[in-house]
Amino acid sequence: MTGASPSSPPPAAVPPAGVLIMAHGTPSRREDIAPFYTRIRRGRPPSPEQLAELEDRYAAIGGLSPLTERTRAQVDGVRAELERRAPGRYTVAYGAKHVAPLVEEAAAALTEAGVTRVIGLVLAPHGASMGSQEYLDRAEAAIDGACPFIAVPHWYAEADLVALLAERVTDALDSLAAGDDQRGYPVIFTAHSLPARVRDAGDTYPEQLEESARLVAESAGLVRWEVAWQSAGRTPEPWLGPDIRDVVRRLAGSGGAKGVVVCPIGFVTDHLEVLYDLDVELAAVAAEVGLPLARTASLNDDPRFIDILADVVMAADPGRD
């Protein structure tokens, strides 16, 4: 008997998974700086002096931070890479902590689109109760059981990320040492400081930074490195230290350094804390003490970094093949 077998009906389309990418956010217009600062201060408006100082910082880096454009490029890159790897499987949305679209707005857009689950990725490699966990908590609360929420765990130890950062450290070190003994050019790994009480509460953020720095230092073959902190808030309570400015002063004095490399390992984009706190403020300290300084290039939307972000999203997805 001949003839074609009856064809099976096409499989029903499977609703996609949502991917909620979250970051800090920044003002997109000068007139947005004051409400942005008020939101960061949990509803307390800044004094005229505080506002003027922040506006001066933005002016020093060109008027506004490039964080919005950098983050959008990262989100677009992850969206395209996930679509390349798994066509139709993921719907990607972006939500910010302090500016529109807020985390809650992006989470609502995903659930309204009918996604089967939401995978939350914070664009910060380390986890902290006062950092990435706040984003994840807000996202989960906004989803409110409409579908499962899966948080991408901290991803600072990803082998490809370690290798990528080690490459950047090596490039920056070569630009200073130029064949000289690298022991004269220590590398400082830095991240955003938090109130010291997070350590007392058992938060592992400081330990994560130390481990993260160690992994990159070992990969780059560094012989002299340390961890410092930056961008501490101006509040009466103590913050995690040492402050990177004090470290640079020490290295120029009793430390006997010929130059110093700074790797802002806690950040993944060019923004105010990198372009001002390091490239302007710390650079002025280094110049004052006569110490040449080089900073590692930010990850931004480097295709290799986009691949890493796509990797950690897919690894966290319980519905992947």
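In case you missed it, the structure is sitting above this.
Residues numbered from 1 in each chain as written. Predicted model: local features only at pLDDT ≥ 70, side-chain atom pairs only at ≥ 80, totals over all residues. Heavy atoms only, no water.

Q: Is there a simple way to think about the sheet that holds strand 7 (residues 260-263) in this case?
A: The strands making up a sheet are joined through hydrogen bonds of the backbone, oriented either antiparallel or parallel. The parallel open sheet is built from four strands, whose spatial order is 6-5-7-8. Since the sheet does not close on itself, it has two edges, and those belong to strand 6 (225-230) and strand 8 (293-295), each with one partner. Shown here is a sheet whose adjacent strand axes are inclined to one another by a mean of 30°, direction ignored. As defined by bridge partners, strand 7 adjoins strand 8 across three bridges and the pair is classed as parallel. (Pairing = 2+ DSSP bridges. Helix = DSSP H or I, 4+ residues; strand = E, 2+ residues; numbered from the N terminus. Axes fitted to C-alpha atoms, helices over the stretch in contact; angles between N-to-C directions.)

Q: Where do I start with the environment of A128 in this structure?
A: Relative to the helices and strands, A128 is located in the loop between strand 3 (118-122) and helix 5 (132-143). Given a relative accessible area of 8%, A128 falls into the buried group. Considering only alpha carbons, one finds A128 and D203, 75 residues apart in sequence, at a separation of 6.5 Å. Residues within four places of A128 in sequence aside, it is in contact with Q133, L194, D203 and Y205. (Buried < 20%, exposed > 50% of the residue type's maximum accessible area, 1.4 Å probe, protein only. Contact = heavy atoms within 4.5 Å.)

Q: Explain the pairing of strand 5 (residues 187-192) here, please?
A: Of all six residues that make up strand 5, five are buried, and the element is covered over most of its length. Across six bridges, the pairing between strand 5 and strand 6 is parallel. Each bridged residue has a counterpart across the sheet, and for I188 the counterpart in strand 6 is E226. Bridge analysis of strand 5 against strand 7 gives three bridges, and the strand direction is parallel. Residue pairing across strands places I188 opposite V262, the latter belonging to strand 7.

Q: When you look at unusual backbone geometry in this model, what are you seeing that I'm missing?
A: Cis geometry marks the peptide bond from A100 to P101, where omega comes out at -5°. Position of P101 among the secondary structure elements: in the loop between strand 2 (90-96) and helix 4 (103-112). Of note in the backbone geometry, R42 takes a positive phi value of approximately 55° without being a glycine. With respect to the secondary-structure elements, R42 resides in the loop between helix 1 (33-40) and helix 2 (48-60).

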